[in-house]
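Here is what each chain is made of, one letter per residue.
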Amino acid sequence: RDIGTNVFPNAELKVFMVANLDVRASRRKSELEQKGVNASLEEIKNNLSERDRIDTQRQQNPLIQAKDAVVIDTTDLNFSDQVDQVTQLAKNLIEK
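Here we summarise the structure given alongside this text. Keep in mind that what you see is a predicted model, and the values were worked out from it rather than measured.

**Focus: the overall build of the chain**
From N to C terminus, the chain includes 4 helices and 2 strands. Helices (α) and strands (β) of the chain occur, in sequence order from the N terminus, as α-β-α-α-β-α. Here the C-alpha coordinates of the chain stretch approximately 45 × 35 × 20 Å along the principal axes. Out of the 96 residues in the chain, the part that is buried amounts to 20%. Considering only residue pairs separated by 6 or more positions, the chain has 64% of its internal contacts joining residues 24 or more positions apart. With an accessible surface of roughly 7100 Å², the chain has 50% of that area assigned to carbon and sulfur atoms. Of the charged side chains in the chain, 14 are positive and 16 negative; the average position of the first set lies 4 Å away from that of the second.

**Notes on the nonpolar core**
In this structure, Ala-25, Leu-32, Ala-39, Ile-44 and Leu-48 together form the largest nonpolar core, which totals 5 residues. Only α2 (21-34) and α3 (41-57) provide two or more residues apiece to this core. In this structure, Ala-25 is in contact with Leu-41, Ile-44, Lys-45 and Leu-48, ignoring residues within four places of it in sequence.

**A short note on the environment of Pro-9**
Residue position: Pro-9 is located in the loop between α1 (3-7) and β1 (15-18). Sequence separation between Pro-9 and Ala-66 is 57 residues, and the spatial gap between their C-alpha atoms is 8.1 Å. Those residues in contact with Pro-9 that sit more than four places away from it in its chain are Ile-3, Gly-4 and Lys-14.

**Looking at α3**
If you check α3, its first and last C-alpha atoms are 24 Å apart, about what 17 residues at 1.5 Å a residue would give, namely 24 Å. Every buried residue of α3 is listed here: Ile-44, Leu-48 and Asp-55. End-on, the buried residues of α3 take up no more than an arc of 35°, which puts them together on one face.

**Concerning the pattern of salt bridges**
Taken as a whole and judged by the stated rule, the model has 8 salt bridges. Ionic pairing is found between Glu-31 and Arg-28, a salt bridge with its closest N-O pair at 3.1 Å. Pair noted here: Glu-31 and Arg-28 are both in helix α2, with a separation of 3 residues, about one helical turn. The partly exposed category is assigned to Glu-31, whose relative accessible area is 40%. The network of salt bridges with shared partners includes Arg-51, Asp-55 and Arg-58.

Calculation notes
- Residues numbered from 1 in each chain as written.
- Predicted model: local features only at pLDDT ≥ 70, side-chain atom pairs only at ≥ 80, totals over all residues.
- Heavy atoms only, no water.
- Helix = DSSP H or I, 4+ residues; strand = E, 2+ residues; numbered from the N terminus.
- Buried < 20%, exposed > 50% of the residue type's maximum accessible area, 1.4 Å probe, protein only.
- Contact = heavy atoms within 4.5 Å.
- Areas by Shrake-Rupley, 256 points an atom, 1.4 Å probe, with all protein chains shown as cover.
- Lys, Arg positive; Asp, Glu negative; His and termini not counted.
- Charge placed at Lys NZ, Arg CZ, Asp CG, Glu CD.
- Core = buried A, V, L, I, M, F, W, Y, C linked by side-chain atoms within 4.5 Å.
- Expected span 1.5 Å × (residues − 1).
- Arc of directions from axis to C-beta.
- Salt bridge = Lys/Arg side-chain N within 4 Å of Asp/Glu carboxyl O.

Function cannot be read off these values alone, since they describe shape.
Okay, structure coming up:
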């Protein structure tokens, strides 16, 4: 979760994906259900919120948006649309 600022700080393309917490929790619940794991939506939301808090406030390599990152709000995008957007960004860079 710190790829653009720590692992590859000089990458030509950095993408920072965000989504509404309710949507993220719903997606995670679906993933867990497919694996046979039952968890309440509220429990999942709390877990995601706590993970976000820990990731953004940790001392070493906190999760932050790189200054040159392209922000994609995935709240209303399905997985295929997300892939298409990132792929198009990469193609645009390659074609320059």
